[in-house]
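# Chains, contacts and geometry: an overview
Spelled out from the first residue to the last, the chains are:
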Amino acid sequence: MRRHSGARLHDGAHSTSPGSERRARLPLRKSLFARLLTVSALVAACSVAATAWLAVQTTSGAIRQEQGQNLTADARIYHSLLGYAAAHPTWEDVGGTVRELAKRSGRRIALTTERRDALADSADPASSPALPAQASAIVDPLSVDTALAAETAGASGAPADRVDPRAVGPFRLPASERKELQQIADRNVACLSDSGIASDVVRSASGRPRIQVVGNDPDRLQGTRCTTDALDSPTATEKKALKSLNQLADACLKRQNRAGVDLKLDLSWGQAPEPRPADTIVSKAPSEAPSPVPTSPPRTVAPSVSPETRPSPTVGNGEDGRAIASCVGTARREQLGSYVASPALLFISDTGGTTVPGFDLSPANTARIAGTAALVLALTVGASVLVGARLVRPLRALTGAAQRMRDGEDSVPVLVAADNEIGRLAATFNDMSAHRARLEAQRKAMVSDVAHELRTPLSNIRGWLEAAQDGVAEPDPAFIASLHEEAVLLQHIIDDLQDLAQADAGALRLHPEPVRIEDLLTQVAAAHQARAETAGVALTVLPAPPGRPVPELTADPVRLRQAIGNLVSNAVRHTPSGGKVTLRPYGSESGEAVLVDVTDTGSGIPPEDLGHVFDRFWRGEKSRSRRTGGSGLGLAIVRKLTEAHDGSVTAVSVPGQGSVFTLRLPADRGGPPGDGSTEAGPTDGLSADCLSSDDRDGAGSGSG
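Residues numbered from 1 in each chain as written. Predicted model: local features only at pLDDT ≥ 70, side-chain atom pairs only at ≥ 80, totals over all residues. Heavy atoms only, no water.

## Some points on the sheet that holds strand β2 (residues 108-112)
- Pairing in this open sheet of four strands is antiparallel, and the strands run β3-β2-β8-β4 from one edge to the other. Each having just a single partner strand, β3 (118-121) and β4 (137-139) make up the two edges of the open sheet. Across the sheet, the mean angle from the axis of one strand to that of its neighbour is 25 degrees, orientation sign disregarded.
- Bridge count between β2 and β3: three bridges; the pairing is antiparallel. The residue bridging Ala110 from the neighbouring strand is Asp121, located in β3. (Pairing = 2+ DSSP bridges. Helix = DSSP H or I, 4+ residues; strand = E, 2+ residues; numbered from the N terminus. Axes fitted to C-alpha atoms, helices over the stretch in contact; angles between N-to-C directions.)

## Comments concerning the state of the cysteines
- Enumeration over the complete set of coordinates arrives at one disulfide.
- The disulfide that involves Cys252 links it to Cys327, with 2.2 Å between the sulfurs. Negative torsions about the S-S bond denote left-handed disulfides, and the value of about -65 degrees found for Cys252 with Cys327 makes this one left-handed. With a gap of 75 residues between them, Cys252 in helix α6 (residues 236-255) and Cys327 in helix α7 (residues 318-336) connect regions that are remote in the sequence. (Disulfide = S-S within 2.5 Å.)

## A word on unusual backbone geometry
- Phi angles above zero are rare outside glycine, and Asn257 is one such case at about 60 degrees.
- One can find Asn257 in the loop between α6 and β7 (279-280).

## Considering the packing of α6 against α7
- Contact pair α6 / α7: the axes reach a minimum separation of 8 Å and the direction vectors enclose 125 degrees. In terms of their interaxial angle, α6 and α7 are classed as oblique. In this structure, the crossing between α6 and α7 has a hand that is right-handed. From α6, Ala241, Ser244, Leu245, Leu248, Ala249, Cys252 and Leu253 reach across to α7, where they touch Ala323, Ile324, Cys327, Val328, Ala331, Arg332, Glu334 and Gln335.
- When the residues that make up the contact of α6 with α7 are grouped by side-chain class, the tally is 11 nonpolar, two polar and two charged. (Parallel < 35°, antiparallel > 145°, perpendicular 65-115°, else oblique. Left-handed = near helix turned anticlockwise from the far one by under 90°. Contact = heavy atoms within 4.5 Å. Nonpolar A, V, L, I, M, F, W, Y, C, P; charged D, E, K, R; others polar.)

Structure below.
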């Protein structure tokens, strides 16, 4: 039964893992960035609030008072001149109107053509400042400025088609028709008065009277005998103007391949509305303001066939209605063009030439602005100094420690005052300093270990040669074999050092090719079989467990045999007689990696030494005796060779029971997916006494 190798190890088991555990992310409340952001936001908020308060306090009153008055006066001036343009075909006699408006408003008023040729000016152009580059408005009764018109139009707002309602053109009634309609209106008012309904006669801009009923209850009119049929019928003048307008609109529609329409007096088209007794509005006093004809913008009403008129096409959709409304508006402007004045530029300014309302800062307001600015500046500087001092203090400590480290002095750990970005930087610096100290100690130890490892075989070779030179030893085959053994040992150490140097420099050359890991493990076992039998250790290769097939692998077979051979040599060396060493390949759970377990039932590795087994020249047995271990380079070479294949090596161990070393190599893409246990992999019946070790007393020196 296959189980996770870690499950076989009881509480004494330990595992190596590359890299150190990362610290948790800082809470936002402890973050230096958050505090800097908060301080900046507070300073900005104070500045904005102070600026806004000053602006409101020192400018709102003056601007509200002066600009409000000017806007109302400007709208009245514009409205008056717009009415003049709607009732006159030219600006020839507008000078008197301009001077009267200027006198009442106390402003300078000037009118020019669109080419800026003077039409009228309330001031003497020779002695007055030049007109500003931007006009206050364009006076055009056929294109009303909706913003200024809304100031004087009241609740009804500006006209929808932007044609001034006072521009009636050919719809203006002659005196005879006005008199006739006035008599009809007076009779209707008298009739309604007899019925107890109060009403008034209101004249529109064209001179047509209409009945305005006082009250808001139209049901009162339904029981009366008073009708306005005669008053609602167009006069001869209106019929003529309406016919001309209809022809212009039909011509526009014809250009769009649309059928013509029959326009009514209110500029609606299609079926005319049924006659009503009178119009009703909300109860209010009669207004002197003229009402335009037409009184409403064009409405989209489905026309119907009438015996008296030619058929009007039915408006099938909203697009047709928009086209008709557009053509009616265009026709109306074309018809009114010769009856109204041409567009003119209107300039309204103060008598001194200023067009924008202004105000002077009083000494009190000036002092308030200066005081508030000084307060905000003081707060900003104070906050910056406080935050800057708290930032600079630990950074200076870090700088001093780094300089001492550069000078070769022992660096005292930097005080970690808080768990924030700078605190973590200080902690990381302390870790780096400690790691550097460890590396320096390892470097010194490595120099000593290299000298020791090289001295031993060289001393032996020198001793045997001096003995032969003195005639003490005979250069027989045994003598030559002893010298050869020492030379081979020396060569192994040098080769191992060269491999490590190439790996560190990134110059380790690999020759990858497709590899059957099962065959490679068999070759490694065969190479170490004689040594294992001599030591009384059973060395076997096990097949992959069910459900964990071995994916295809591309690797350098020579380097891979060297790495696995080092592990096997190390395991055999530290497994007592009667123990066993097993090799087993299998695929990872995802099928993306090939794993190889080298498992032994040896002496195991103490927990405090497990993290150092892959360090070069490290040996648990400090005497560095050749009887108990190698040079301490074997497992360091295993790690470098595995990393050169983009893989990794890990170890788990239980002292007195054994160890497991696991190589993990990336599989070729498209390899068979695994579906078994975790990546630590099976250990082939590995019980508490069935694990592998590297140099328990140091890194094994085994060869590839």
